[in-house]
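# Fold and contact review
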Amino acid sequence: MRQNKWLLLVVALLLGLVLAACSTTGSDSEEGSEDEGSTTESESTQSDEEKVLNIAATADIPTMDPIMAEDNVSFQYVSAVYEGLYRIATGGEIVSGVANKDETEISEDGLTYTFHLREDATWENGEPVTAQDFVYGWQRAINPDNGSFYANYLMSGKIKNAAEIYAGNMEASELGVSAPDDYTFVVELEKAVPYMDSYAAFMTFFPLNQEFVEEQGEDFALTPENMLSNGPFKMTEWNTEAGWVLEKNTEYWDAENVALDGINVKVVKDADTGLSNYEVGELDRVSLQGAQVKDNQTSPEFKSLTETSVFWLKMNQASAEKGEYMQNLNFRMALAKGFDKQSYIDVAYGNDSEPVNYFVPSGFVEHPETGEDFQTGSDVLAFDVEAAKEYWNKAKEELGFEEVTISFLSGDTDVSKSISDYMKTELEKNLEGLTLETVNVPWAQQLELMRTHEYELAVSGWGPDYKDAISFVDLWITDGENNDVGYSNEEYDALVESAKGELATKPVERFEALQQAEKIALDDAAIAPIMQRKTSVLSKDYVKGMDTLNPFGNDYSFKYVDIQK
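Worth saying up front: this structure is predicted, and the values here are computed from it rather than measured. (Residues numbered from 1 in each chain as written. Predicted model: local features only at pLDDT ≥ 70, side-chain atom pairs only at ≥ 80, totals over all residues. Heavy atoms only, no water.)

When its secondary structure is counted, the protein chain shows 18 helices and 20 strands. A globule of 565 residues ought to have a C-alpha radius of gyration of about 24 Å, and the protein chain, at 23 Å, matches this closely. Considered along the principal axes of its C-alpha atoms, the protein chain spans approximately 70 × 55 × 50 Å. Within the protein chain, buried positions represent 62% of all 565 residues. Total accessible area on the protein chain is roughly 20,800 Å²; 43% of this is exposed by carbon and sulfur atoms. (Helix = DSSP H or I, 4+ residues; strand = E, 2+ residues; numbered from the N terminus. Rg over C-alpha atoms; globule rule 2.2 N^0.38 Å. Buried < 20%, exposed > 50% of the residue type's maximum accessible area, 1.4 Å probe, protein only. Areas by Shrake-Rupley, 256 points an atom, 1.4 Å probe, with all protein chains shown as cover.)

Within this numbering scheme, the UniProt entry marks residues 97-483 as carrying the feature "domain: Solute-binding protein family" (unreviewed entry). Spanning residues 97-483, this segment combines 30% helix with 19% strand, and its end C-alpha atoms are found 31 Å apart. (UniProt positions renumbered as here; feature names shortened; annotations may be inferred.)

On to the nonpolar core, then. As a rule of thumb, nonpolar side chains are buried together in soluble globular proteins. One finds Trp138, Met155, Leu313, Phe331, Phe359, Tyr492 and Phe558 to be the most contacted residues of the largest nonpolar core, which totals 170 residues. Those residues in contact with Met155, other than ones at most four positions away along the chain, are Trp138, Ala141, Ile142, Ala162, Leu175, Tyr199 and Phe205. If you look at the next biggest cluster of nonpolar residues, it comprises 8 residues, including Leu275, Tyr278, Leu283 and Val286. (Core = buried A, V, L, I, M, F, W, Y, C linked by side-chain atoms within 4.5 Å. Contact = heavy atoms within 4.5 Å.)

Glancing now at the sheet that holds strand 5 (residues 105-106). Ordered in space as 5-6-8-7, the 4 strands form an open sheet in which the pairing is antiparallel. Strands at the two margins of the open sheet, each flanked by one partner only, are strand 5 and strand 7 (177-181). Pairing between strand 7 and strand 8 (residues 184-188): 3 bridges, direction antiparallel. For Val177, the partnering residue across the bridge sits in strand 8 and is Val187. Contacts between helix 3 (residues 131-142) and the sheet are confined to strand 7 and strand 8, with strand 7 contributing the most and set at about 165° to the helix. (Pairing = 2+ DSSP bridges. Axes fitted to C-alpha atoms, helices over the stretch in contact; angles between N-to-C directions.)

Turning next to the pairing of strand 2 (residues 52-57). Covered by surrounding structure in strand 2 are Leu53, Ile55 and Ala57 only, the residues Val52, Asn54 and Ala56 on the alternate face being uncovered. As defined by bridge partners, strand 2 adjoins strand 11 (residues 262-267) across 6 bridges and the pair is classed as parallel. Bridging across to strand 11, Ile55 finds its partner in Val265.

Another point: the pairing of strand 9 (residues 233-239). The pairing of strand 9 with strand 10 (residues 243-248) spans 6 bridges and is classified as antiparallel. From the neighbouring strand, Phe233 faces strand 10, where its bridge partner is Lys248. Counting the residues that bridge the hairpin from strand 9 to strand 10 gives 3 residues, and of these Glu241 lies at a positive phi of roughly 60°.

Across all of its chains, the model carries 23 salt bridges by this definition. Between Glu49 and Lys565 there is a salt bridge, with the nearest N and O atoms lying 3.9 Å from each other. Of this pair, Glu49 sits in the loop between helix 1 (28-45) and strand 2 while Lys565 sits in the segment after strand 20 (562-563); the two residues are 516 residues apart in sequence, bridging distant segments of the chain. For Lys565, a relative accessible area of 53% translates into the label exposed. Close ionic contact of Lys424 with Glu428 constitutes a salt bridge, the shortest N to O distance being 2.7 Å. With Lys424 and Glu428 both in helix 14 (residues 414-430) and 4 residues apart, the pair spans about one turn of that helix. (Salt bridge = Lys/Arg side-chain N within 4 Å of Asp/Glu carboxyl O.)

Following the criterion strictly, the structure yields 31 aromatic pairs and no others. Summarising the aromatic geometry, the rings of Tyr77 and Trp244 are spaced 5.2 Å apart at their centres and angled 80° between planes, so their arrangement reads as edge-to-face. Note that Tyr77 is positioned in helix 2 (residues 72-81) and Trp244 in strand 10, a separation of 167 residues in sequence. Per residue, the accessibility class of Tyr77 equals that of Trp244, and both read buried. With a centroid separation of 5.8 Å and an interplanar angle of 70°, the aromatic rings of Tyr86 and Phe115 are classed as edge-to-face. Here Phe115 lies in strand 6 (residues 112-116) and Tyr86 lies in strand 3 (residues 86-88), a separation of 29 residues in the sequence. In this structure Phe115 comes out as buried when scored by relative accessible area, which is 1%. Taken together, the ring pairs in this structure connect Tyr86, Tyr113, Phe115, Phe134, Trp138, Phe185, Tyr195, Tyr199, Phe205 and Tyr466 into an aromatic cluster. Taking the ring centre of Trp253 as reference, the NZ or CZ of Arg118 above it sits at 3.4 Å. The residue whose ring lies beneath Lys540 is Tyr278, and the NZ or CZ to ring-centre distance is 4.1 Å. (Phe/Tyr/Trp six-rings, centres within 6.5 Å; stacked < 30°, edge-to-face > 60°. Lys NZ or Arg CZ within 6 Å of the ring centre and 35° of its normal.)

Let us look at unusual backbone geometry. Of note, Asn161 is a non-glycine position whose phi angle comes to about 75°, a positive value. Considering the arrangement of structural elements, one finds Asn161 in the loop between helix 4 (149-155) and helix 5 (162-166). In this structure, Asp479 is a non-glycine residue whose phi angle is positive, near 65°. Inspection of the secondary structure puts Asp479 in the loop between helix 16 (470-473) and helix 17 (490-500).

This part covers the sheet that holds strand 2. Strand order in the open sheet formed by 4 strands is 2-11-10-9, with mixed pairing between adjacent strands. At either end of the open sheet lies a strand with only one pairing partner, and these are strand 2 and strand 9. Ignoring which end each strand starts from, the neighbouring axes of this sheet average 15° apart.

Side chains of Glu127, Glu211, Glu214 and Glu215 sit close together on the surface and give a patch of like negative charge. Within the element layout of this structure, Glu211 appears in helix 7 (residues 210-216). (Patch = residues over 30% accessible without salt bridge, like charges linked within 9 Å, V, L, I, M, F, W, Y side chains within 5 Å. Lys, Arg positive; Asp, Glu negative; His and termini not counted. Charge placed at Lys NZ, Arg CZ, Asp CG, Glu CD.)

Here the focus is helix 13 (residues 385-399). Taking 1.5 Å as the rise per residue, helix 13 with 15 residues should run 21 Å; its terminal C-alpha atoms sit 21 Å apart, in good agreement. Among the residues of helix 13, Ala387, Ala388, Trp392, Ala395, Lys396 and Leu399 are the ones counted as buried. Contacts made by the buried residues of helix 13 are with helix 10 (323-326), helix 11 (329-337), strand 15 (404-410) and strand 16 (434-440). Put simply, Asp384 is the residue that caps the front of helix 13, since its side-chain oxygen is 3.3 Å from the backbone nitrogen of Glu386. (Expected span 1.5 Å × (residues − 1). Polar contact = N/O pair within 3.5 Å; in protein donor to acceptor, adjacent residues only side chain to side chain.)

This is the structure in structure tokens:
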């Protein structure tokens, strides 16, 4: 989620790219009746014209292999083509997917979950989706030979034996998952997972048809022909850096409640081109950037969508060439406090995104007893140019430099380039002797460079994978899979581990431990928070079901989107 979930969102995000979502009320009957009602109404008022949603993306899909996805673009379309145990419905409600949610059994100690699968779920080729497909999918994800670092991040320390398997000390077949019969899937945990509902809905845990995947070999999920859908849609075209086409999957168990016949996605990196496409009717919806927001905010088609994605400046302490600088606290504090966050938003987005000095979003999770928001605020990393200069001069003295050149990594879209220009101008102006060399690359390449620590500075973002503050706080543990800034603090690590261990069943203590951990990371300037993003869009009034973003996981649930002309 990209970022993700993102919910990681990287600079390029502005573009909508986010790196990468508990529910209680969803039931098959409720879900079905709601969709059925919507469909009936639309059928009574519309022509026989196919319902095809035409939208744009600012980058190609990095991957359609569920275990390799790590960004919001991939999560969005993987979640449309596949379906897991549970599904994220509009607004973040967790509802039944292949598993009947109301029938899930939980052991008294909270360490064993037994999921009961529906018997009418099939793959695109008509074969049934079975519990063995989940066993295979989960074992394939944690098998280190398959290179899913996100699976290690999600499963190790939670699913029985996952860490040992990923470390190469056990076989993937020893993972704590089993299929006692075709429609019963059992998961054994090492520790209780308080957010198990939204966790089980995450894309890395989707099932895969073993025979099909192994037939494709290294070509699996590279083209539409090499994919096998069990979700609401199937991919029929994918043209690199140009766009892709999804069609309704008639073999999907709940196809009668999928309103859209298809989705056409066009890659548009230039914001003005995207707006022009919308104005001439080629797109049904378009994201706005910079001055476009002010120019269109009085339009009846304008919408401002609240997100739980937070963006920050990454300062890579593991950089091969500039690690020594980034490891200096005064150096990081100078960078973190040396640029105006509101101006950044004005230049890059031009909307009402909120400047922030924290990394767990506001309005996301609440204190288990008091109901107070997790976020109580902090100003330790607030913009303060005079304080930044003082930190900078201390860093110069401690590190013995007068001038330093650092690279700044960003995407290749209009918005990414405007961010590069802004950060270069602002930081060079406020921190004497600093030179930023901007590097702009496609989204997928940026992800890879950050993951392999081959960068010095970058703006990145994160959308939560599931509804729990741990989705953010877990990012910065020492040597964590998503800790691409090289941060390390023993006290921080201990608090996060306690939240995942002995405090897992003590919600108040756990919540407060996570708050304390965030404070430590901010005091250390592990990252430099910038903003909690809002997305500004123009959307035709006939597009229904896209007026809110999911608070975790994939951004939208296309299964519930409709076109009512």
